[in-house]
Amino acid sequence: MSSPIAGLTRRSTLTAGALAAFASLLGSRLAFADEKAVMAEIKKLYGDKPLGEGKIKLDVPEIAENGLVVPVNVEVESPMTEADYVKAVHIYADGNPQPGIVSYSFTPACGKASAATRMRLAQTQNIVCVAEMSNGALHMAKANVKVTIGGCGG
């Protein structure tokens, strides 16, 4: 039986509803984080503690030819003694669907606060690194990576 509204059938109405639901799910999946989302994630962890600069060497390529495999190396200056060491390092990307990429925990037994990984970058964006020291101090470094071929569906 036909619907009196604009000549739509029940089947076309159900099909349109299913397509709208699918589009809303797909649209939310393709939403990207931004600088505010990264700062909100950092605030969740550390509240309003000040973020200092320096101490972090963030090594990322200036241009990534392929966003699927972008190398990221991070090293934090620290004597790594019981009295002074890097407790944690968090890496964020402000243009990916989720801002948090990876977190590392360190102890004085590590000897050196450094880590390397590869990540997917959906588009040209900033990589943000936050290091938490054993005394509670926070340090931040940021680098921009230009992506020529997206890694998250791009």
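None of these values were measured; they are calculated from a predicted model.

**Some points on the overall build of the protein**
Inference 1: Helix and strand counts for the protein stand at two helices and nine strands.
Inference 2: Evaluated residue by residue, the protein yields a buried proportion of 33% over its 154 residues.
Inference 3: Carbon and sulfur atoms make up 56% of the accessible area of the protein, which totals about 9400 Å².

**Looking at the sheet that holds strand β4 (residues 70-76)**
Inference 1: Spatial ordering of the open sheet is given by β2-β4-β7, a layout of three strands whose pairing is antiparallel. Two strands in the sheet have a free side with no partner beyond their single neighbour: β2 (56-59) and β7 (113-119). Direction aside, neighbouring strands of the sheet carry axes that sit 10 degrees apart on average.
Inference 2: Where β2 lies against β4, four bridges are found, and the strand directions are antiparallel. Considered in β4, the bridge of I56 is made with V76.

**A word on the confidence of the model for the protein**
Inference 1: For the protein, the average pLDDT comes to 86, and 79% of its residues sit at 70 or higher.
Inference 2: For the protein, per-element mean pLDDT is lowest for helix α1 (residues 10-29), which scores 57, and highest for β2, which scores 98.
Inference 3: Confidence drops under a pLDDT of 50 for residues 25-29, and excluding neighbours within four residues, the segment shows one contact in the predicted structure.

**A look at the nonpolar core**
Inference 1: Of all hydrophobic cores here, the largest spans 28 residues; its most connected members are L58, V89 and I91.
Inference 2: At the level of elements, β2, β4, β5 (86-93), β7, β8 (125-133) and β9 (138-147) are the ones that each hand at least two residues to this core.
Inference 3: Not counting chain neighbours up to four residues away, the residues in contact with V89 comprise V74, V76, V102, S103, Y104, F106, C129, V130 and A131.
Inference 4: Counting eight residues, the second-largest nonpolar core is a separate cluster that includes V38, Y46, Y92 and V128.

**Considering the pattern of salt bridges**
Inference 1: A full pass over the atoms with the stated rule returns five salt bridges.
Inference 2: Here K142 and E35 are joined by a salt bridge, their closest N and O atoms 3.6 Å apart. Here K142 is found in strand β9, whereas its partner E35 is found in helix α2 (residues 35-46), with 107 residues between them in sequence.
Inference 3: We note a salt bridge from E132 to K87, for which the minimum N-O separation is 3.9 Å. You can see E132 sitting in strand β8 and its partner K87 sitting in strand β5, a full 45 residues away along the chain.
Inference 4: On the accessibility criterion, E132 (14% relative accessible area) is buried.
Inference 5: For K87, a relative accessible area of 39% puts it in the partly exposed group.

**Comments concerning the environment of Q123**
Inference 1: Mapped onto the secondary structure, Q123 falls in the loop between β7 and β8.
Inference 2: Once the C-alpha coordinates of Q123 and A64 are considered, the two residues, 59 residues apart in sequence, prove to be 9.7 Å apart.
Inference 3: Not counting residues up to four positions away in its chain, the partners in contact with Q123 are F32, G95, V145 and V147.
Inference 4: Among the polar contacts listed, one links the side chain of Q123 to the backbone oxygen of G95, at a separation of 3.4 Å.

Rules of the game
- Residues numbered from 1 in each chain as written.
- Predicted model: local features only at pLDDT ≥ 70, side-chain atom pairs only at ≥ 80, totals over all residues.
- Heavy atoms only, no water.
- Helix = DSSP H or I, 4+ residues; strand = E, 2+ residues; numbered from the N terminus.
- Buried < 20%, exposed > 50% of the residue type's maximum accessible area, 1.4 Å probe, protein only.
- Areas by Shrake-Rupley, 256 points an atom, 1.4 Å probe, with all protein chains shown as cover.
- Pairing = 2+ DSSP bridges.
- Axes fitted to C-alpha atoms, helices over the stretch in contact; angles between N-to-C directions.
- pLDDT = per-residue confidence, 0-100.
- Contact = heavy atoms within 4.5 Å.
- Core = buried A, V, L, I, M, F, W, Y, C linked by side-chain atoms within 4.5 Å.
- Salt bridge = Lys/Arg side-chain N within 4 Å of Asp/Glu carboxyl O.
- Polar contact = N/O pair within 3.5 Å; in protein donor to acceptor, adjacent residues only side chain to side chain.

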